[in-house]
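If you want the building blocks of each chain, they are given just below.
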Amino acid sequence: MRKQEVRVGGEAGPGHGGSSPAEQVKAFMDLLAGKGTQGTQVPQAPDRTPEPPPEPPGNDYRIQRHREVLLSRLGGDLVLGEPPPRLASLLLVEGLTDLQLREHDFTQVEATRGAGRTARTIALDGLFLPLSRVSIPPRVSITVGVAGMGKTTLVRHFVHLWAQGQLAKDFSQVLPLTFRELNTYEKVSAERLIRSAFPHVGEPSLAAVAPARALLILDGLDECKTPLDFSNTAACTDPKKEVQVENLITNIIRGNLFPEVSVWVTSRPSTAGQIPGGLVDRMTEIRGFNEEEVKTCLEQMFPEDQSLAGWALAQVQADRALYLMCTVPAFCRLSGSALGHLYRHRRGPLNAELSPPRTLSEIYSWYFRMALSREGQDKGKVSPRIEQVAHGGRRMAGTLGRLAFQGLVRKKYVFYEQDLRAFGVDLALLQSALSGCFLQREETLGSAAAYCFSHLSLQEFVAAAYYYGASKRAIFDLFTESGVSWPRLGFLTHFRSAVQRAMQAEDGRLDVFLRFLSGLLSPRVNTLLMGSLLAPGEHQGYREQAARLLQGCLAPEAAVSARAVNVLRCLHELQHTELASSVQEAMEREGLARLTSPPHPAALAYLLQVSDAYAQEANLSLCLSQAILQSLLPQLLYCQSLRLDTNQFQDPVMELLGSVLSGKDCRIQKISLAENQISNKGAKALARSLLVNRSLTTLDLRGNSIGPQGAKALADALKINRTLASLSLQNNMIKDDGAGSIAEALASSRTLCMLHLQKNSIGPVGAQRMADALKQNRSLKELMFSSNSIGDGGAKALAEALKVNQGLESLDLQSNSISNAGVAALMGALYTNQTLLSLNLRENSINPEGAQALARALCTNSTLKNLDLTANLLRDQGAQAIAEAIRENRALTSLHLQWNFLQAEAAKALGQALQLNSSLASLDLQENAIGDDGASAVARALKANTALTALYLQVTSIGASGAQALGEALAVNRTLEILELAWSKLNMLEALFRGS
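Residues numbered from 1 in each chain as written. Predicted model: local features only at pLDDT ≥ 70, side-chain atom pairs only at ≥ 80, totals over all residues. Heavy atoms only, no water.

Definition in use: UniProt positions are given in the numbering used here, feature names are shortened, and annotations may be inferred rather than shown by experiment.
As annotated in an unreviewed UniProt entry, the chain is NLR family CARD domain-containing protein 3 isoform X3 from Trichechus manatus latirostris. Of the comments in the UniProt record for the chain, the one headed Subcellular location (unreviewed entry) reads "Cytoplasm".

So, the overall build of the chain
Rules: Helix numbers and strand numbers start at the N terminus; a helix is a DSSP run of H or I with at least 4 residues, a strand a run of E with at least 2. Type-normalised accessible area, obtained with a 1.4 Å probe on protein chains alone, sets the label of each residue: buried when under 20%, exposed when over 50%, and partly exposed for intermediate values. By definition in these notes, contact holds between two residues if any of their heavy atoms fall within 4.5 Å. Here the Shrake-Rupley method, with its probe set to 1.4 Å, supplies the accessible areas, and only the displayed protein chains count as covering residues.
Counting its secondary structure elements, the chain contains 40 helices and 26 strands. Within the span of the chain, comprising 996 residues, buried residues form 58% of the whole. For the chain, long-range pairs separated by at least 24 residues make up 80% of all intrachain contacts whose partners lie at least 6 apart in sequence. Put simply, the chain shows about 39900 Å² of open surface, and 50% of that area lies on carbon and sulfur atoms.

Digging into the pattern of salt bridges
Side chains that differ in sign of charge can pair as their charged atoms come close. Applied cut-off: Whenever Lys or Arg places a side-chain nitrogen within 4 Å of a carboxyl oxygen from Asp or Glu, that contact is recorded as a salt bridge.
In total, this model carries 34 salt bridges according to the counting rule given. For the salt bridge of Glu655 with Arg688, the shortest nitrogen-to-oxygen distance reads 3.1 Å. Taken together, the residues span a long stretch of sequence, with Glu655 in helix H28 (residues 651-662) and Arg688 in helix H29 (residues 680-690) at a distance of 33 residues. Each of the salt bridges in this network shares a partner with another, and the network as a whole consists of Lys712, Asp716, Lys719 and Glu744.

Regarding the sheet that holds strand E11 (residues 439-443)
The condition that has to hold: Criterion used throughout: strands pair if DSSP finds at least two bridges between them.
With antiparallel pairing, three strands are arranged side by side in an open sheet as E10-E12-E11. Since the sheet does not close on itself, it has two edges, and those belong to strand E10 (415-416) and E11, each with one partner.

Structural notes on helix H23 (residues 543-551)
The condition is simple: It is the directions from the helix axis to the C-beta atoms that the arc portrays.
Turning to H23, its buried residues are Arg543, Ala546, Ala547, Leu549 and Leu550. When H23 is viewed along its axis, its buried side chains cluster within an angular range of 160° and face the same direction. Of the surrounding secondary structure, the elements contacted by the buried residues of H23 are helix H20 (491-504), helix H21 (511-519), helix H22 (523-529) and helix H24 (562-573).

Points about the pairing of strand E9 (residues 282-285)
Burial of E9 is two-sided: the residues Arg282 and Thr284 facing one way and the residues Met283 and Glu285 facing the other way are all buried. Bridge count between strand E1 (residues 89-93) and E9: three bridges; the pairing is antiparallel. Looking across to E9, one finds that Leu91 is bridged to Glu285. Relative to E9, strand E3 (residues 140-144) is paired through four bridges, and the arrangement is parallel. Across the sheet, Thr143 pairs through a bridge with Thr284, a residue of E9.

Things to note about the packing of helix H37 (residues 904-916) against helix H38 (residues 931-944)
We apply this condition: Convention adopted: a line fitted to C-alpha atoms gives each axis, helices being fitted over their contacting stretch, and angles between N-to-C directions are expressed from 0 to 180 degrees. Any angle that is under 35 degrees is reported as roughly parallel, and any over 145 degrees as roughly antiparallel; angles of 65 to 115 degrees are reported as roughly perpendicular and all others as oblique.
Relative orientation of the contacting elements H37 and H38 amounts to 5°, with a least axis distance of 8 Å. When the axes of H37 and H38 are compared, the pair comes out roughly parallel. Note on element contacts: H38 touches H37 through Asp933, Gly934, Ala937, Val938, Ala941 and Ala944, opposite Ala904, Ala907, Lys908, Gly911, Leu914 and Gln915.

Thoughts on the packing of aromatic side chains
The condition is simple: Any two rings among Phe, Tyr and Trp, with Trp reduced to its six-membered ring, count as a pair given centres within 6.5 Å; such a pair is stacked if its planes are under 30 degrees apart, edge-to-face if over 60, and tilted if neither. Consider the ring centre and the ring normal. A charge sits over the ring if Lys NZ or Arg CZ is within 6 Å of that centre and within 35 degrees of that normal.
Within the structure shown, the criterion is met by 23 aromatic pairs. Each ring, one from Phe415 and one from Phe453, has its centre 6.3 Å from the other, and the planes form 85°; the classification is edge-to-face. Here the residue Phe415 occupies a position in strand E10, and Phe453 occupies one in strand E12 (residues 449-453), the gap between them amounting to 38 residues. Both residues of the pair, Phe415 and Phe453, count as buried. Relative to Phe495, the ring of Phe491 lies with its centre 5.9 Å away and its plane at 35°, an arrangement referred to as tilted. Remark: Phe495 and Phe491 occur in helix H20; sequence separation between them is four residues, near one turn of the helix. The ring of Tyr413 is capped by Arg268, whose NZ or CZ atom sits 5.4 Å from the centre of that ring. Arg875 extends its terminal NZ or CZ atom over the ring of Phe901, reaching a point 4.9 Å from the ring centre.

Brief notes about the sheet that holds strand E8 (residues 262-267)
In any sheet, the strands associate via hydrogen bonds between backbone groups, in a parallel or an antiparallel arrangement. Within the open sheet, the seven strands sit side by side as E2-E1-E9-E3-E8-E6-E4. Their pairing is mixed. Lying at the two open borders of the sheet, with one neighbouring strand each, are strand E2 (121-123) and strand E4 (173-178). Neighbour-to-neighbour, the strand axes of the sheet open up by a mean angle of 25°, direction not taken into account. Two elements, E1 and E2, share three bridges in a ladder whose sense is antiparallel. Residue pairing across strands places Leu90 opposite Ile122, the latter belonging to E2. Packed onto the sheet, helix H6 (residues 151-163) meets E1, E3, E4, strand E6 (214-219) and E8 and runs at close to 155° relative to E6.

Details of the packing of helix H32 (residues 764-774) against helix H33 (residues 791-804)
A pair of packed helices can be characterised by two numbers: the angle between their axes and the separation between those axes. This is how the line gets drawn: Each residue gets one of three labels, nonpolar for Ala, Val, Leu, Ile, Met, Phe, Trp, Tyr, Cys and Pro, charged for Asp, Glu, Lys and Arg, and polar for the others, Gly among them.
Where H32 meets H33, the closest approach of the two axes is 8 Å, and the angle between their N-to-C directions is 0°. As judged from the angle between their axes, H32 and H33 are roughly parallel. Listed contacts from H33 to Pro764, Ala767, Gln768, Ala771 and Leu774 of H32 are Gly794, Ala797, Leu798 and Ala801. When grouped by side-chain class, the residues that make up the contact of H32 with H33 number seven nonpolar, two polar and no charged.

Here's the deal with the confidence of the model for the chain
Stated formally: Each residue carries a pLDDT score, the predictor's own confidence in it, on a scale running from 0 to 100.
Residues with a pLDDT of 70 or more make up 87% of the chain, whose mean pLDDT is 87. When the criterion is pLDDT under 50, residues 5-17 qualifies, and its contacts beyond four places in sequence or with other chains add up to 19 contacts. Below a pLDDT of 50 lies the segment residues 33-56, which in the model reaches 43 contacts outside its immediate sequence neighbourhood of four places, other chains included.

Digging into the environment of Val265
Here Val265 is to be found in strand E8. The class for Val265 is buried, based on a relative accessible area of 1%. Expressed as a C-alpha distance, the spacing of Val265 and Thr178, which sit 87 residues apart in the sequence, is 9.6 Å. Aside from chain neighbours lying at most four places away, what touches Val265 is Ser141, Ile142, Thr143, Leu218, Leu221, Ile253 and Ile275.

So, a nonpolar patch on the surface
Under the convention used in this document: Patch rule: a residue counts if its relative accessible area is over 30% and it has no salt bridge; like charges are joined within 9 Å, and nonpolar side chains (Val, Leu, Ile, Met, Phe, Trp, Tyr) within 5 Å.
A surface patch of nonpolar side chains, about 280 Å² in accessible area, is lined by Ile475, Phe476 and Leu489. Its place among the elements puts Ile475 in the loop between helix H19 (456-470) and H20.

A short note on unusual backbone geometry
The residue Leu622 is not glycine, and still its phi comes out positive at about 60°. Within the secondary structure, Leu622 sits in the loop between strand E13 (618-619) and helix H27 (626-636). Positive phi values are uncommon outside glycine, yet Thr646 reaches one of about 55°. Tracing the backbone shows Thr646 in the loop between strand E14 (641-643) and H28.

A short note on the side chain of Asn900
Our working definition: Throughout this description, a polar contact denotes any pair of N or O atoms lying within 3.5 Å of each other; where both atoms belong to protein, one of them has to be capable of donating a hydrogen while the other can accept it, and for residues adjacent in sequence the pair is counted only when both atoms sit in side chains.
Along the chain, Asn900 turns up in the loop between strand E23 (894-896) and H37. Judged by its relative accessible area of 0%, Asn900 is buried. Of note is the side chain of Asn900, whose polar atom sits 2.8 Å from the backbone oxygen of Leu869. Among the polar contacts listed, one links the side chain of Asn900 to the backbone oxygen of Leu897, at a separation of 3.3 Å. Once you skip the residues sitting within four places of it in the chain, Asn900 turns out to touch Leu869, Thr870, Ala871, Asn872, Leu873, Leu874, Arg875 and Asn928.

Following this line, the structure appears as structure tokens:
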């Protein structure tokens, strides 16, 4: 995309001969003001708005007149109020991804699991405003969205709100045009185009004052009859010169014509790639429905019957693939219509015919049945005769089907009357209710009417139905436009031709067509369409052969392509699921590595998209070989969370994964590579990807061998990366040098929140470096430093950092050879630190003296909630000191004192403290010999305490009397939820129940 900089003065876009930019702007503004060349004869389109009153007062009247015309043209097309939230706020994106440029709209939704790109949003009223004080407004803006996402609806909302004066008030003129209208011209000049589209601006009575800013809207670039060619189009700077429409649009976008006029183009993503990125100042994307919006859409479709809406929602949620497609609003409404028809025609227990749809073909078959029922009702018959239904269905498939099929082949999605006549479409048929469910008619500003299918997928379904019927009698290749080819006889021969064409289409435009064609061979679809489109049972002779033909397309390839995944979707439509099921079972048994035939990786890629088990996380641990992973790489791009633990992956695999993480299409947010065989070379490969990756937030490399050099490479990447929030390098032997490198990156990081460095042989030097970094860092929330050797020196360094740092919330120093001196230093920091919530000091060397320091800090600290002192040397004296602190402390909620050589006196002190404490919710006294006396003391506390919910007393030498005391306490206490006891004698258990 073009980078926008601050402009000084009135710098304009490029011009090549002809009139100067200033003259062009003046000419355009004069045109809008009604001062064009009087001698030019312009064909006037019929204007359905009232005549203006004579002698308008000035420019304000002219603008108001234009607003009224636009509101009149919108008419009753929309119940226009405030735009829905997803249209009121668009995603601000940096260009198109490879997936958007190369693949079918359905594939884009399916591969990304229906999730939009992570991007900042921009409000509709700020769509054409500068993003900052030092930038300028965009001249060329593009808004993209897959078919049915609501691009035209967005434009209509925008025009409606502007005409009412509610947004874009800096534009004096908004001129909306659609490519459906532009297609009606062969050659046209800019001046004639504006005059014919907006004849009211040329009325001599309109004021001559030029507007300050104008916006030209070009809606539906994907419907342009001829692709834009920016490489070979001759420059045109004369607004009166007549040129081909595509050349005119190209010159307007380039700025050769009207460089100061803002241009807004809407398009499907693949077609938007025709416009060079260097000419685009701003690109936005319409996001799809979220879960709540899918529900709302279905509820709005059936306001009179919420049980129907709930049932329809349950059906689409039952199949993940269908539910993902419902993020596209048009598909959601189409599915709702089909399911509503099914719901209303259910009778008694569901039989095979009326069972809920689970494939695209079944959804569209029900939609077809709904259209047939409307056809009968349109003729005044409640229930049309079977013969009429069959005749209507076959006639529609033959008439509109050929139009739909040839349109797909020629990439034509908008049709005019000359197209209909060329394809032999009976215009009278278009008046029927059946055709109205598939084909829409739209009046253009000229005399021609434009026709298009209600949604691209409907064109594909009708095209497949036509191909299915035509292929049984055709003797030449139906894809050959001339109609002459080598003879092709029989349905399977033509089916093979369709498969080959679809596999060879790099843009995937025949993918969904092939799915529908396969689906027409499934038993359930045959039952649904029997008599109307299909002959009873005719699928049986083709189904198995078609399945073998499709599977034969899954030849060995270096990487699983989108075409290969589509083959699996075709098999699903065909209800031939054996291949996918076998891979699913192998994954559940962790035996995927043994499946090495060519179809298996494609089936795995397919399952990653459609299986509920991998919706949140694709867990491929313990089951992948390097070869399978390599073939899967293109499909792994779109997994949000990827777990690849314990696969024995070595450094070459990291090179492959690095290439995936470096891709601009990468959507991976979390990746775990724990317990593999990654050394510093593999870490360096991953580090290189982090330099450019913008999606990854979590990287888990625990249990590898990256060493100090690998840690340094990752640290260098972290200095540049701005998305990684969690990094685990546990058990990687990074030592002090590696810790120092990570600390250097941490000092300047603003995104890293979690850092795990357990078991890395880090000593006091590494701890000191980390402490220095913490004095500067404000983002880190969790630091796990357990099982190292930082000692008292490292603890003192970290304590000094805690006095300054006000961001860290959790610090884990388990098993670090910390004694009383280190603890005293850490506790000194707690007097001033106000952010630390959790402190783990398990398995150190803290004795009663250290416990005294702990107690003093707990008396004053008001933020620490979790304290773990398991496996130290506190003894009764230390526990008593802590108990005294608990009497006063009102913040601590969890205290672990397991295995600290505590006895009855410690338990008694803690029991007395619990009678006064109102915050502690969990107390762990496991593996301490508190005996019956200690248990009785704790039991007395439970009768008064109302805060404790969990008490752990396993292996604490409690006998029958202690158990009975606890039982009696349980009879009184109403807040304790967990009481853990390890019984060695049955009579103790009996005593407990006797007491309670």
